[in-house]
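Reading the structure
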Amino acid sequence: MKIVVAGTGFVGLPHAAVCSEYGHEVYAYDIDTKRIAAYKTAKREEIEKYVNEPGLASIIQENINRSLHFIDDLEPVIEGVDAFFLCLPTPPNRDGSSNLSYYFDAVNHLAKLLAKRADQRRVVIINKSTVPVGTGRQLEEVLKSHNVPNVGIASNPEFLPEGNAVEKSRHPDRVVVGADTEEDFRILRRIYSQFINHVRIAFIETTPETAESIKYVANTLLLTYISFWNGVGGRLAESVSNVRMEDLKRGVTADTRISKWGSFVSNGAGGSCFGKDIQSLIYQLKSRNQSTDLLESVYEINEYQKTYLIDRAAAEAGVKFNNKVVALLGLAFKQRTNDMRDASALKVVESLLGRGVKEVRAYDPMAEEEAKRFFNPEQNHLFERISYHPSAKAALEGSDMLFISTDWEEFRGLSSTIESTVPAPYLIIDGRRMIPDYNELVERGYSYLAVGSPYLNK
C-alpha cells in the first residue's frame, strides 16, 4: 500500500521505517527541511541527531529509496495514497489542554491537496498523534469543509516506549484501530496484515473515540503506578527504619493481581507522554464537569519527585549547595534514548543552579547534544555553569557530590569509579537507586541519599 507518514519524530520515524520493512511504499514527510535532509543521507550519525532509537538507523539504511522515501513536499506524492498517518506534536498549553495548532495546520494543508487529486480512490486519514477524545470528529469536519471526496477518518494510537520503539513497532502488545466503516477497517487490516489473527498480539477494532480514550487511560494508569510507589512505598521506606525497599517491592508484587511494572522508585517519570497526557485528560474531564482529584494527585506527586531529593539533601544531610560542584549523571528522561522532553534532569539542573551551584558536570551517553539545545546559555546565562564530559569518571572529577538522574545500565557498576575518583566523605544522591552496593560505600565513609531509603552515613 502507498502510505504517507506526516511527522518524523520519535513516533513517526520508527513507524514509517517499520511499515517500509513490511513491504509498503512509505513516504515520510516533515516540514523541517534540515531533518529530512539528514534522514536522506542515511548516515547513522545524522539520523540519530534527531531520533536515537536502537535499530532504527539500520532499517532506514536498508530500505531508503526502495520502500522508504523522505519528502518535504506532499503535492508530488498525493496521487494514489491509501493512508495518511498523522504523527504530529501536540504539546500542552499552560492550562493543560493540548495545543493542536501543528495538527490542524497539517490537516488543512493535507485537505486542500486531497480535494484536488485526480485519483479519488478511498483514502483514510489516521490519527497516530495523541489527541483529545473527539479530535477525529474535528478532523472529519475539516475534510468536509474542503470537500474532500471518498475519505475516512481513523484513530490508531501509538504505544511505543522510547528506547524500544523499533521492537514494539515490530512486535506490539496490541494494535488498536478505531474507524466508522468496514471499508476503512479493511484498509487498516491491510496495513497491519502481519498482526491479524496473531496468537500473541491483540488486534482491537473499535470506535475512533474509544481508540483515542485507550491511549489516555493507559498512560494515566502507568503514571499512577509510578506515583503510587514513589508517594507510598518510597515514602514509607524513607521514613520507617529497617523497611527494605527492594523486599517491599518483591513482597507486594508477588501477588499476581498487582503489576510489577512501575514498582521501581525514582526521581520522577518524564518523556513526551505521561505528563502531557495526564494534564490533557484532567482538562478534558474538567470540561465535562467530572472530578479529577485522583489524576491531579498523581501528577503533583510525579512533579514533586523530580527535585525533592535536593530538598532532602539540604534538610537531612545539611548540604549547602552554594558554590559547590555537582556531577550529574544522566540527562535523558530514561535509558536508551536521547529524548529530554520533561526529563527529571531539567528540573534538577534548574534547582541546583537556583541554589547557587558553581558548576554542574554532566554526562549522558546519548543526550549531550540534545541537552545543549535545552540548556542554551544564550537564553539563560546560568547555563554557562554546565559542562559536558565524555564519561561518568570525567564528570565525577573535581566534584563535591553526585546526582544520578537517569537509569543507564552503566551506572549500576559505578561504585569502584566513585571510590577511585572522589574520596570520602562525599554525598551520593541516587535518583534511580542505581547503586546496589550502597551499604558498602557507606561503610567506607560515603554518604548516600536515595528514593526509598533514609539518609545513610557512617
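Described in the following lines is the structure provided in the data block. These numbers come from a predicted model, not from an experiment.

Looking at the sheet that holds strand β9 (residues 325-329)
- Strand order in the open sheet made by the six strands is β11-β10-β9-β12-β13-β14, with parallel pairing throughout. This sheet does not close on itself; its edge strands, each paired only once, are β11 (386-388) and β14 (447-450). This sheet shows a mean twist of 20° between the axes of neighbouring strands, independent of strand direction.
- For strand β12 (residues 401-404) and strand β13 (residues 427-430), the ladder comprises four bridges, and the chain directions are parallel. Residue pairing for β13: Phe-403 is matched across the bridge by Ile-429.
- On top of the sheet, helix α14 (residues 344-354) reaches β9, β10 (359-363), β11 and β12; it is set at about 180° to β9, its chief contact.

Looking at the environment of Ser-344
- Residue position: Ser-344 is located in helix α14.
- Since its relative accessible area comes to 2%, Ser-344 is described here as buried.
- When the C-alpha atoms of Ser-344 and Val-142 are compared, they prove to be 38 Å apart, with 202 residues separating the residues in sequence.
- Leaving out residues up to four positions away in the same chain, Ser-344 has contacts with Asn-267, Gly-268, Lys-306, Ser-405 and Arg-432.

Notes on the pairing of strand β3 (residues 68-71)
- Of the two faces of β3, both are covered, the one formed by Leu-68 and Phe-70 as well as the one formed by His-69 and Ile-71.
- Here strand β2 (residues 25-29) pairs with β3 via four bridges, running parallel. Note that in β3 the partner of Ala-28 across the bridge is Phe-70.

Quick look at the sheet that holds strand β8 (residues 202-206)
- The strand order across the open sheet built from eight strands is β3-β2-β1-β4-β5-β6-β7-β8, with neighbouring strands paired in mixed fashion. Two strands close off the open sheet at either side, each with one partner strand: β3 and β8. Here the strands of the sheet are splayed against their neighbours by 20° on average, with no regard to which way each runs.
- Where strand β6 (residues 151-155) and strand β7 (residues 174-179) come together, two bridges link them in antiparallel fashion. Paired with Ala-154 across the two strands is Ala-179, which belongs to β7.

Reading the values: rules and limits
- Residues numbered from 1 in each chain as written.
- Predicted model: local features only at pLDDT ≥ 70, side-chain atom pairs only at ≥ 80, totals over all residues.
- Heavy atoms only, no water.
- Pairing = 2+ DSSP bridges.
- Helix = DSSP H or I, 4+ residues; strand = E, 2+ residues; numbered from the N terminus.
- Axes fitted to C-alpha atoms, helices over the stretch in contact; angles between N-to-C directions.
- Contact = heavy atoms within 4.5 Å.
- Buried < 20%, exposed > 50% of the residue type's maximum accessible area, 1.4 Å probe, protein only.

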